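Report on the structure
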Amino acid sequence: MEFRAKKRIKLSKTVNDVIGEGVFATKPFKKGDFLLEYKGDLITRVKHARQLEKEYEKEGQGSFIYFFKYRDKSCCTDATNDIFHEGRMINDAENGDAKQYCVMKIVEVNQTLHLCTFADRDIAIGEELRYDYGVPTLPWRKATQ
Ligand SMILES: C[S@@+](CC[C@H](N)C(=O)[O-])C[C@H]1O[C@@H](n2cnc3c(N)ncnc32)[C@H](O)[C@@H]1O
């Protein structure tokens, strides 16, 4: 199963040279609306995901692995090869930051986990979607965006 938007409503485009690309709303959203799924391969062995991360790094490939906990179990979704899904292109903004427009939630459907982003406030056309990656030590958080 895949969560799909009814029509193409998000657009991936460059934010700046440091951040790279991001996802921007091309239609308005209401708080609570479903936005995008972070689509990829679910990995339940975190050790395996860490190895994959190293391999991607060695190959000079960007890594798009989202680590999360569900019912006390650590898992992750690897979207590195899912180049056509924009869910993996959403950038980070700390909770409470003015740029944090959405939240990532884990949705279980038929015993399968889906990482889904939802609007955390009303979103206007042209606003960049960002959620809190949940990692306080991220290097860019110290810099002014
Ligand atoms: C999942 S990707 C998001 C898409 C990415 N911007 C791109 O063009 O491929 C995560 C990467 O985006 C960049 N990034 C995300 N949020 C950022 C932020 N607030 N400030 C600076 N860089 C950010 C970092 O390089 C991070 O490793």
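Source: prediction; values computed, not measured.

Taken together, three strands build an open sheet; the order of strands is 3-9-8 and the sheet is antiparallel. Sheet topology places strand 3 (34-37) and strand 8 (102-109) at the edges, where each strand pairs with a single neighbour. With direction set aside, neighbouring strand axes in the sheet form an average angle of 35 degrees.

Looking now at the confidence of the model for the chain. Scored by pLDDT, the chain has a mean of 89; 91% of the residues are at 70 or more. Taken element by element, the predicted model of the chain shows its lowest mean pLDDT in strand 1 (residues 10-16) (81) and its highest in strand 8 (96).

Taken as a whole, this structure holds six salt bridges when the rule is applied. Residue Arg130 pairs with Glu128 through a salt bridge whose shortest N-O separation is 3.0 Å. For the residue pair Arg130 and Glu128, the accessibility class agrees, reading buried in each case. Between Arg141 and Asp132 there is a salt bridge, with the nearest N and O atoms lying 2.7 Å from each other.

Put simply, the largest pocket is a space of about 760 Å³. As for the largest pocket, its lining consists of 26 residues, of which Ser63, Ile65, Tyr133, Leu138 and Trp140 are closest to the centre. Of all the elements in the fold, those that place two or more residues in the lining of the largest pocket are helix 1 (46-58), strand 5 (65-70), strand 7 (91-92) and strand 10 (128-131). Classifying every residue of the lining of the largest pocket by side-chain character gives 14 nonpolar, five polar and seven charged. Among the domains, domain 1 (1-39 + 83-133) and domain 2 (41-81) are the pair contributing at least three residues each to the lining of the largest pocket.

For the rest of this paragraph, the subject is the side chain of Thr77. Tracing the chain through its elements places Thr77 in strand 6 (residues 73-78). Those residues in contact with Thr77 that lie beyond four places of it in its chain are Tyr38, Lys39, Gly40, Asp41, Leu42, Phe64, Ile65, Tyr66, Phe68 and Leu115.

With antiparallel pairing, the three strands of this open sheet are ordered in space as 4-6-5. In this open sheet, the two strands that pair with only one neighbour each are strand 4 (41-43) and strand 5. Taken pair by pair, the neighbouring strands of this sheet meet at an average axis angle of 25 degrees, ignoring direction. Contacts from helix 1 reach strand 4, strand 5 and strand 6 within the one sheet, and its direction differs from that of strand 5 by about 170 degrees.

By the assigned domains, the chain splits into domain 1 (1-39 + 83-133) and domain 2 (41-81). Domain 1 and domain 2 are separated by 19 Å when their C-alpha centres are compared. The junction of domain 1 with domain 2 conceals about 1,100 Å² of combined surface from both sides, 66% of it contributed by carbon and sulfur atoms. Considering only the surface of domain 1 that becomes buried against domain 2, Tyr38, Arg88 and Leu113 emerge as the three largest contributors, covering 43% of it. A salt bridge links Glu108 to Arg71; the nearest nitrogen and oxygen atoms lie 3.5 Å apart. Our count for the contact surface shared by domain 1 and domain 2 stands at six residue pairs in polar contact (both at pLDDT 80 or more). Those elements that place two or more of their residues in the side of domain 1 that touches domain 2 are strand 8 and strand 9 (112-119). It is strand 8 that provides the largest number of residues to the side of domain 1 that touches domain 2, a total of three residues. For the side of domain 1 that touches domain 2, the residue count by class is eight nonpolar, no polar and three charged.

Thresholds applied
- Residues numbered from 1 in each chain as written.
- Predicted model: local features only at pLDDT ≥ 70, side-chain atom pairs only at ≥ 80, totals over all residues.
- Heavy atoms only, no water.
- Pairing = 2+ DSSP bridges.
- Helix = DSSP H or I, 4+ residues; strand = E, 2+ residues; numbered from the N terminus.
- Axes fitted to C-alpha atoms, helices over the stretch in contact; angles between N-to-C directions.
- pLDDT = per-residue confidence, 0-100.
- Salt bridge = Lys/Arg side-chain N within 4 Å of Asp/Glu carboxyl O.
- Buried < 20%, exposed > 50% of the residue type's maximum accessible area, 1.4 Å probe, protein only.
- 1 Å grid on protein atoms, 1.4 Å probe; cavity = no way out; pocket = protein on both sides within 12 Å on 5 of 7 lines; lining within 4 Å.
- Points joined across faces, edges and corners; volume = space filled by probe spheres on them.
- Nonpolar A, V, L, I, M, F, W, Y, C, P; charged D, E, K, R; others polar.
- Domains from an automatic or database assignment.
- Contact = heavy atoms within 4.5 Å.
- Buried area = accessible area lost by both parts, 1.4 Å probe.
- Polar contact = N/O pair within 3.5 Å; in protein donor to acceptor, adjacent residues only side chain to side chain.

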